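# Coordinates in review
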Amino acid sequence: MSSFDAGQDAPPDSATVRRTVLPGGVRVLSEHMPGLRSATIGAWVGVGSRDEAEGHHGSTHFLEHLLFKGTSRRTAMDIAAAFDAVGGEANAATGKEYTCYYARVLDADLPMAVDVIADMVTSATLAEDDVASERGVILEELAMNDDDPGDVVHERFAEAVLGDNPLGRPIGGTPDSIRAVPRDAIWEHYRQHYRPEGLVITAAGGVDHDALCDMVSRALKSAGWPEHGGARPLPSRAHAGDSSHPQGADAGTVLTVRRPVEQAHVVLGGLGLRATDERRFTMSVLNAVLGGGMSSRLFQEVREKRGLAYSVYSFSAGYSDAGYFGLYAGCTPSKVPEVVDLLTAEWQKIAADGITDEELRRGIGQLAGGLVLGMEDTGSRMSRLGKAELVYGEFIDLDEALRRVHAVTAEQVRSLAADLIARPRSLTVVGPFDEDPVADLPR
């Protein structure tokens, strides 16, 4: 058993992060938060929608649903009742590069939560009847998302920017792929990826690390997973990409999705940064200044001064070998050309002229405050541990994260904005259009 302690010299009232690799290859990370009577536990599997082989598309999202349907030891009702009986919450999330099953409970109920979550991850039955019934549930979920034009515009924008990269595929699958994927393919996907060396257990709150490791070991032993052997954890995706410019679509595109809605939804953007890019903190400051709040340039120019949109913001997403950056606005359909020009203009101004010292100070303050406030939640801390292990390949404590944020300069923000705007841009619009509202992207 190997481990490290990131808080050995910490004062007794501070949070302590520890990591242990169990003999079978399962990693356990915890963050003890003194004074809390609750804990959040997560079981992370380093497989997402991008990892689905041909014929398996939609399997990752399918498994997120099916693992709650029962194991050899528990029915779906048993799983649900276990958490309801103690006032706990259990859920799951599928991403493009990982899947997480998590629960929040009182600290006294953590052994139960570990046992149930571990049982689900290691011993799901994936019964044929459950696959059939859950297929209908997932199709309803996809239909609900497809009825939301805000979801549609972001989904189609990612597809346009990332092109043939597997990251461009919808996380939840498509109606066609969900209808087509057979139970055997889902089972193969499960057996291939849900293995000891790919499993990460994280917990935060009223957690004792050594006790947590014992709970996990007992749960894995009950499931018949190996307790011995020299299994090595799978490496993080942090080193998967080696290109400073992630690859996606060959050129900027204009895509119009026709829907009978009252408001048009617009996303303009292009390729962004990988998750581990050293400029990711600069990206966060750029987002804050350009479209991250009520004082941002987009909010002030598009909404406050001109009244063209209720919702307007910028965003970014980073993965192991690709990422994207975009600007969103919802507006009256006839105003789309004007709004697109304004989005482009504000982006160009930062790329050409940079930001003011006041904007830099405000952007850094917004991020620093958000980081500190976010760390008061056990779920956020549990999630931070999982992403550190599976996505970033390193754990950055709060002090170091704040240091990196405060180190961002105005020139770095301008340089990044210029780099991003020089890449091929794409525009996706959802609305009630007979013809494309924008024929060509503004330059």
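As shown above, the structure is provided for reference.
About the cut-offs
Residues numbered from 1 in each chain as written. Predicted model: local features only at pLDDT ≥ 70, side-chain atom pairs only at ≥ 80, totals over all residues. Heavy atoms only, no water. Pairing = 2+ DSSP bridges. Helix = DSSP H or I, 4+ residues; strand = E, 2+ residues; numbered from the N terminus. Axes fitted to C-alpha atoms, helices over the stretch in contact; angles between N-to-C directions. Contact = heavy atoms within 4.5 Å. Buried < 20%, exposed > 50% of the residue type's maximum accessible area, 1.4 Å probe, protein only. Parallel < 35°, antiparallel > 145°, perpendicular 65-115°, else oblique. Left-handed = near helix turned anticlockwise from the far one by under 90°. Phe/Tyr/Trp six-rings, centres within 6.5 Å; stacked < 30°, edge-to-face > 60°. Lys NZ or Arg CZ within 6 Å of the ring centre and 35° of its normal.

### Focus on the sheet that holds strand β9 (residues 264-271)
If you walk across this open sheet you meet the five strands as β8-β12-β9-β11-β10, and the pairing is mixed. Unpaired on one side and paired on the other, β8 (254-258) and β10 (312-318) mark the two borders of the sheet. Each neighbouring strand pair of the sheet contributes to a mean axis angle of 15°, computed without reference to strand direction. Taken strand by strand, helix α5 (residues 149-162) contacts β8, β9, β10, β11 (323-331) and β12 (425-431), and its axis lies near 25° from that of β9.

### Quick notes on unusual backbone geometry
A positive phi angle, near 50°, is found at Leu126, a position not held by glycine. As for its position among the elements, Leu126 is in the loop between α3 (110-123) and α4 (128-146). Accessibility expressed as a relative area gives 2% for Leu126, which makes it buried.

### Description of the packing of helix α1 (residues 59-66) against α4
The geometry of α1 relative to α4 is characterised by a closest axis approach of 10 Å and an angle of 110° between their N-to-C directions. What the angle tells us is that α1 and α4 run roughly perpendicular. Regarding α1 and α4, the two cross each other, and that crossing is right-handed. Only Asp130, Val131, Glu134, Arg135, Val137, Ile138 and Glu141 of α4 make contact with α1, whose side of the interface consists of His61, Phe62, His65 and Leu66.

### A word on the packing of aromatic side chains
Following the criterion strictly, the structure yields 12 aromatic pairs and no others. Residues Phe325 and Trp347 carry aromatic rings whose centres are separated by 5.3 Å and whose planes lie at 65° to one another, so their mutual orientation is edge-to-face. Here Phe325 is found in strand β11, whereas its partner Trp347 is found in helix α11 (residues 336-353), with 22 residues between them in sequence. Each residue in the set Phe157, Tyr313, Phe315, Tyr319, Tyr324 and Tyr328 is aromatic and connected to the rest through ring pairs, giving one cluster. When the ring centre of Trp347 is taken as origin, the NZ or CZ atom of Arg425, which lies over that ring, is 6.0 Å away.

### Comments concerning the pairing of strand β7 (residues 199-205)
With seven of seven residues buried, β7 is to be regarded as a mostly interior element. The pairing of strand β3 (residues 27-32) with β7 spans six bridges and is classified as parallel. Directly across from His32, in β7, lies its bridge partner Gly205. Strand direction decides the pairing type here: strand β4 (residues 38-45) and β7, joined by seven bridges, are antiparallel. Across the sheet, the residue bridging to Val45 is Leu199, located in β7.

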